[in-house]
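Listed here are the chains, written in short residue letters.
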Amino acid sequence: MPELPELEVVKDFLVEHLVGQRIEKVEVLRPIVVRNLTDLDFTSLEGQAFTKVEHRGKFLIFSLDALYLVINPMLSGRLYLCPSTERRLAKTFVIWHLEDGFNLRYVDEKQMGKVYLTADLSLVPGFALQGPEALEVTFEAFKERLKRHRGEIKGVLVDQAFAAGIGNAYADEILFRAGVYPFKRRPGLTEGEIRRLYEAMRAVLEESISTIREQMGDQIHLKFRDFLAVHGKGGSPCPRCGTPISDVRARGRLTNFCRSCQPGIMIGHSRNLRG
Ligand SMILES: [Zn+2]
């Protein structure tokens, strides 16, 4: 679930609260999410200090004195920063006890995410394959990179090798903002549509970062998605024209869009849930 806008805000919050702090103790309550890519014990993080927190695409990267802790929350992983006395949520997998008495906790409702310990970021699955950060791509590079793909535009936007950080939710928002049919194949896009997609990508991501920053505060484990225009809004009126938003399950993911604002015809199998 967390995509570039959420991770950007969470990252800034964690930079402020973690950098310079030492880990006193590590508790791995459920090892199933942990992937140790070193020959050291996971508890070798004890005594090390956080020197940097960054995000790259959908990964959060914590630099410690000698190792990296990398978190790929996937659909359900969340981080939680709280006093160590606070009750543990049921699906708490890993706890890092910090020297200021707080805990950084990894909570994962569906245990889909991963927590990696590594000395080399390129060993983390999927990390090295990522394209440039979606907010760092120039229009020229965006246009050039699109040429490598021939599939449907939604599939291109969520492909981390095309640009890193966009997932199912923000791809729907970008396509809606640009007025582009999600299942249109890349070779059929006009010059104008490519320009609109690029501008929509920047605008949607930047505006979402500011909105989430205002709403999230220190509640970094909660989801803030109510402000989205179409994603998760199947059946509700389109904010632009009032047509009910369509819910389409296709290519293994749910897509929300407006059939009036984003007209097109789907080729191949799909199951319409609504609209
Ligand atoms: Zn509409």
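Within every chain, residues take consecutive numbers counted from 1 along the sequence as written. Local features are withheld for residues below a pLDDT of 70 in this predicted model, meaning they are given only at 70 or higher, and side-chain atom pairs are given and counted only at 80 or more; totals for whole chains, interfaces and linings count all residues. Only hydrogens and water are set aside; all other atoms, that is, all heavy atoms of the structure, feed into the side-chain values.

Undergrad: I'd like a rundown of the coordination of the zinc ion, residues and numbers included.
TA: Each metal's donors are the N, O and S atoms found within 2.8 Å of it, except that Na, K and Ca use a 3.2 Å limit; water is left out, so coordination can look incomplete. Looking at the zinc ion, the protein donor atoms are Cys238 (SG), Cys241 (SG), Cys258 (SG) and Cys261 (SG), and they sit 2.2 to 2.4 Å from it. If you list the donors of the zinc ion from N- to C-terminus, the spacing comes out as C-x2-C-x16-C-x2-C. Residue Cys238 is located in the loop between helix H5 (191–216) and strand S10 (246–250), and its partner Cys258 is located in the loop between strand S11 (253–257) and strand S12 (271–274); the two are separated by 20 residues in the primary sequence. Cys258 shares its class with Cys238; the two are buried. Secondary structure elements are taken from DSSP: a helix is a run of H or I of four residues or more, a strand is a run of E of two residues or more, and numbering for both begins at the N terminus. Exposure is judged per residue with a 1.4 Å probe applied to protein chains only, and the accessible area is read against the type maximum: over 50% gives exposed, under 20% gives buried, and values in between give partly exposed.

Undergrad: Describe the packing of helix H1 (residues 4–18) against H5, and please don't skip the residues or the numbers.
TA: Convention adopted: a line fitted to C-alpha atoms gives each axis, helices being fitted over their contacting stretch, and angles between N-to-C directions are expressed from 0 to 180 degrees. Axis separation between H1 and H5 bottoms out at 8 Å; the angle between their running directions is 45°. Compared by their axis directions, H1 and H5 come out oblique. Note on packing geometry: the crossing formed by H1 with H5 is right-handed. Each of Leu4, Pro5, Glu6, Glu8, Val9, Val10 and Asp12 in H1 lies in contact with H5, whose residues at this interface are Leu205, Ser208, Ile209, Ile212, Arg213 and Met216. When describing relative orientation, an angle under 35 degrees is termed roughly parallel and one over 145 degrees roughly antiparallel, while 65 to 115 degrees is termed roughly perpendicular and anything else oblique. By convention the crossing between two helices is left-handed if the near helix lies anticlockwise of the far one by an angle smaller than a right angle, and right-handed if it lies clockwise. Contacts: residue pairs with any heavy atoms within 4.5 Å of one another.

Undergrad: Lay out the environment of Leu60 in plain terms, naming residues and giving numbers.
TA: Tracing the backbone shows Leu60 in strand S4 (residues 59–64). Taking relative accessible area as the criterion, Leu60 reaches 2% and is therefore assigned buried. Considered as a pair, Leu60 and Val10 are 50 residues apart in the sequence and their alpha carbons are 9.0 Å apart. Setting aside its immediate chain neighbours within four residues, Leu60 contacts Leu7, Val10, Lys11, Glu54, His55, Leu69, Val70, Ile71 and Leu79.

Undergrad: Quick rundown of the pattern of salt bridges? Include the residues and the values.
TA: Just to be clear on terms, a salt bridge is a Lys or Arg side-chain nitrogen sitting within 4 Å of an Asp or Glu carboxyl oxygen. A complete count under the given rule lists 16 salt bridges for this structure. The closest approach of N and O atoms between Glu27 and Arg88, which form a salt bridge, is 3.1 Å. In this pair, Glu27 is assigned in strand S1 (residues 23–28) and Arg88 in the loop between strand S6 (77–83) and strand S7 (92–98), connecting sequence segments 61 residues apart. Judged by its relative accessible area of 18%, Glu27 falls in the buried class. For Glu191, the salt bridge is made with Lys143, and the minimal N-O distance between the two is 3.2 Å. With a gap of 48 residues between them, Glu191 in helix H5 and Lys143 in helix H2 (residues 139–146) connect regions that are remote in the sequence. Judged by its relative accessible area of 49%, Glu191 falls in the partly exposed class. Classification of Lys143 by relative accessible area gives partly exposed; the value is 22%.

Undergrad: Residues and numbers for the packing of aromatic side chains, please.
TA: Pairing of aromatic rings covers Phe, Tyr and the six-membered ring of Trp, with a centre-to-centre limit of 6.5 Å; geometry is then stacked below 30 degrees between planes, edge-to-face above 60, and tilted otherwise. Within the structure shown, the criterion is met by nine aromatic pairs. Both rings, one in Tyr181 and one in Phe257, keep their centres 5.7 Å apart while their planes meet at 75°; by these two values the pair is edge-to-face. Taken together, the positions of Tyr181 in the loop between helix H4 (168–178) and H5 and Phe257 in strand S11 put the pair 76 residues apart, joining distant regions of the chain. Note on accessibility: Tyr181 and Phe257 belong to one class, buried. Every member of this aromatic cluster is reached through a ring pair, and the members are Phe139, Phe142, Phe162 and Tyr198. Consider the ring centre and the ring normal. A charge sits over the ring if Lys NZ or Arg CZ is within 6 Å of that centre and within 35 degrees of that normal. The aromatic ring of Phe139 is capped on one face by Arg195, whose charged end is 3.8 Å from the ring centroid.

Undergrad: Please provide a residue-by-residue account of the pairing of strand S5 (residues 68–72), values included.
TA: Regular strands place their side chains on alternate faces of the sheet. The buried fraction of S5 is high, at four of five residues. Sheet analysis places S4 next to S5, joined by four bridges and oriented antiparallel. Counterpart to Ser63 in the pairing with S5 is Tyr68. Only when DSSP finds a minimum of two bridges between them are two strands counted as paired. Linking two consecutive strands that pair antiparallel, namely S4 and S5, is a turn of three residues. As defined by bridge partners, S5 adjoins strand S9 (residues 114–118) across five bridges and the pair is classed as antiparallel. For Ile71, the partnering residue across the bridge sits in S9 and is Val115.

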